[in-house]
Amino acid sequence: MRTILVANPKGGCGKTTLATNLAAYLADQNQRVVMWDMDRQKSSLEWLALRPAEFPSIASLDAERDEIHPDIPENSDWLVMDSPAGMHGKNLAHALKLAQKIIVPVQPSVFDMSATRDFLDRLMEEKTVRKHRSFIGIIGMRVDPRTRAAATLEQFLKQYDLPVLTYLRDTMVYVNAAFNGKGIFDLPPYQTERDLPQWQPIIEWVKA
Ligand SMILES: Nc1ncnc2c1ncn2[C@@H]1O[C@H](COP(=O)(O)OP(=O)(O)O)[C@@H](O)[C@H]1O
Ligand SMILES: [Mg+2]
């Protein structure tokens with residue numbers, strides 16, 4: 001089983017958007033996907049409840065019941081972990097132990113970058129990261145790569161020597177898809193022609 005954690009202590013930076021879209025993409029590829037929503041707000045589970053029954057199914061784990069030692073179905077191909085704002089301590093340690101790939105969405109604002117700093121320091125100290133057994137990928141969230149904000153984000157991330165996988169634009173496409181339990185990959189291509197290319201590096205990195 002392959003495992004992906006989407007994490008950043010900052011609320012509203014795009015964790016659930018990334019986790020749900022990634023899960024939907026993998027499910028659309030006929031992969032057996034389990035979502036573990038570690039957030040008590042349960043946004044990912046709510047999204048899953050909205051998902052049309054005829055769509056490729058995604059299994060789920062319940063955070064409250066399964067916290068720390070979730071019963072992950074053995075035949076799963078992928079575990080996608082969505083995490084809460086401010087996750088730290090044993091919950092973070094446990095999630096990091098499970099994760100092969102750690103996706104960190106960052107919005108290019110001074111508030112988001114400073115809130116992310118300690119978290120990235122913590123990740124870089126993680127043994128599995130140091131030993132190259134797990135990998136961190138940054139995603140610039142709601143950003144136009146041509147802007148000064150994007151350049152500032154890139155400058156900020158240089159000190160960590162971490163890959164910026166891609167920039168995802170600010171668009172209602174994500175918001176509207178979520179209303180129906182969908183990811184952008186579930187939408188007609190004409191609605192997502194600007195977004196699918198932005199996702200390509202994420203897909204390649206996750207599968208590599
Ligand atoms: N690329 C994007 N474009 C537009 N809205 C976005 C984008 N990414 C996230 N959002 C919106 O921002 C809000 C916070 O995103 P969310 O994924 O819930 O963040 P988190 O899980 O980190 O708290 C949501 O309303 C979501 O729909
Ligand atoms: Mg969330």
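Just so it is clear, the model here is predicted, and its values are computed rather than measured. Residue numbers run consecutively from 1 along every chain, following the written order of its sequence. Throughout, the order in which chains and ligands are written sets their labels, letters from A for the former and numbers from 1 for the latter. Two thresholds apply to this predicted model, a pLDDT of at least 70 for residue-level local features and 80 or more for giving and counting side-chain atom pairs, whereas whole-chain, interface and lining totals are computed over all residues. In computing side-chain values, all of the structure's heavy atoms are included and hydrogens and water are not.

Draft legend 1. Quick peek at a nonpolar patch on the surface. Grouping into patches uses exposed residues only, defined as over 30% relative accessible area, and leaves out salt-bridged ones; the cut-off is 9 Å for like charges and 5 Å for nonpolar side chains (Val, Leu, Ile, Met, Phe, Trp, Tyr). The accessible surface values rely on the Shrake-Rupley method and a 1.4 Å probe; as for residues, cover is taken only from the protein chains in view. Salt bridges are identified by distance alone: a Lys or Arg side-chain nitrogen within 4 Å of an Asp or Glu carboxyl oxygen. There is a patch of nonpolar side chains on the surface, built from Met-172, Val-175 and Phe-179 and spanning about 320 Å² of accessible area. Residue position: Met-172 is located in helix 8 (residues 172–179). When accessible area is computed with a 1.4 Å probe and restricted to protein chains, residues below 20% of their type maximum are described as buried, those above 50% as exposed, and intermediate ones as partly exposed. Met-172 sits in the exposed class, given a relative accessible area of 51%. Think of it this way: any DSSP run of H or I at least four residues long counts as a helix, any run of E at least two long counts as a strand, and we number them from the N terminus.

Draft legend 2. Layout of the nonpolar core. Only buried Ala, Val, Leu, Ile, Met, Phe, Trp, Tyr and Cys residues count toward a nonpolar core, and they belong to the same one when joined by side-chain atoms within 4.5 Å. Ranked by internal contacts, the top residues of the largest apolar core, which has 33 residues, are Leu-18, Ile-103, Trp-199 and Ile-202. Per-element tally for this core: the top contributor is helix 1 (residues 15–28), with 8 residues. Look past the residues within four positions of Ile-103 in its chain and what remains in contact with it is Ile-4, Leu-5, Val-6, Ala-7, Leu-18, Leu-22, Gly-137, Ile-139, Ile-202, Trp-205 and Val-206. The contact definition used throughout considers only heavy atoms, calling two residues in contact when any of these lie within 4.5 Å.

Draft legend 3. Region of the structure containing the packing of aromatic side chains. To pair, rings of Phe, Tyr and Trp, with the six-membered ring standing in for Trp, must have centres within 6.5 Å; the planes then decide the type, stacked if under 30 degrees apart, edge-to-face if over 60, and tilted in the middle. One pass over the structure, following the stated rule, counts 3 aromatic pairs. Arranged with centres 5.4 Å apart and planes meeting at 85°, the rings of Phe-185 and Trp-199 form a pair that is edge-to-face. Of the two residues, Phe-185 sits in the loop between helix 8 and helix 9 (196–207) while Trp-199 sits in helix 9, which places them 14 residues apart along the sequence. Overall, Trp-199 belongs to the buried group, its relative accessible area being 0%. Two conditions define a charge located above a ring, namely a distance within 6 Å from the ring centre to NZ of Lys or CZ of Arg, and an angle within 35 degrees of the ring normal. Looking at Lys-101, its charged tip hangs above the ring of Trp-205, at a distance of 5.3 Å from the centre.

Draft legend 4. Up close: the packing of helix 1 against helix 2 (residues 43–50). Contact geometry for helix 1 and helix 2: axes closest at 10 Å, N-to-C directions at 40°. With respect to each other, helix 1 and helix 2 are oriented oblique. Between helix 1 and helix 2 the crossing geometry is right-handed. For the pair helix 1 and helix 2, the contacting residues are Thr-16, Thr-20 and Ala-24 in the first and Ser-43, Ser-44 and Trp-47 in the second. Angular values range over 0 to 180 degrees, each being the angle between N-to-C directions of two axes fitted as lines to C-alpha atoms, with helices fitted over their stretch in contact. Throughout this description, any angle smaller than 35 degrees is read as roughly parallel, any larger than 145 degrees as roughly antiparallel, any in the 65 to 115 degree range as roughly perpendicular, and the remainder as oblique. Each helix crossing is assigned a hand: it is left-handed if the near helix lies turned anticlockwise from the far helix by less than a right angle, otherwise right-handed if that turn is clockwise.

Draft legend 5. Looking closely at the pattern of salt bridges. The final tally for this structure, using the stated rule, is 7 salt bridges. Note that Asp-195 is salt-bridged to Arg-169, the shortest N-O span being 2.7 Å. Here Asp-195 is found in the loop between helix 8 and helix 9, whereas its partner Arg-169 is found in the loop between strand 7 (164–168) and helix 8, with 26 residues between them in sequence. For Asp-195, a relative accessible area of 0% corresponds to the buried category. By sharing partners, the salt bridges in this structure join Asp-28, Arg-51 and Asp-186 into a single network.

Draft legend 6. Spotlight on unusual backbone geometry. In the Ramachandran plot, Lys-42 falls in the positive-phi region, its phi being about 60° despite a non-glycine side chain. Mapping Lys-42 onto the fold places it in the loop between strand 2 (33–37) and helix 2. Within the chain, Arg-142 stands out as a residue other than glycine whose phi angle is a positive 60°. For Arg-142, the position within the fold is in the loop between strand 6 (135–141) and helix 7 (148–158).

Note that every value here comes from positions in space, so none of it alone points to a role or purpose.
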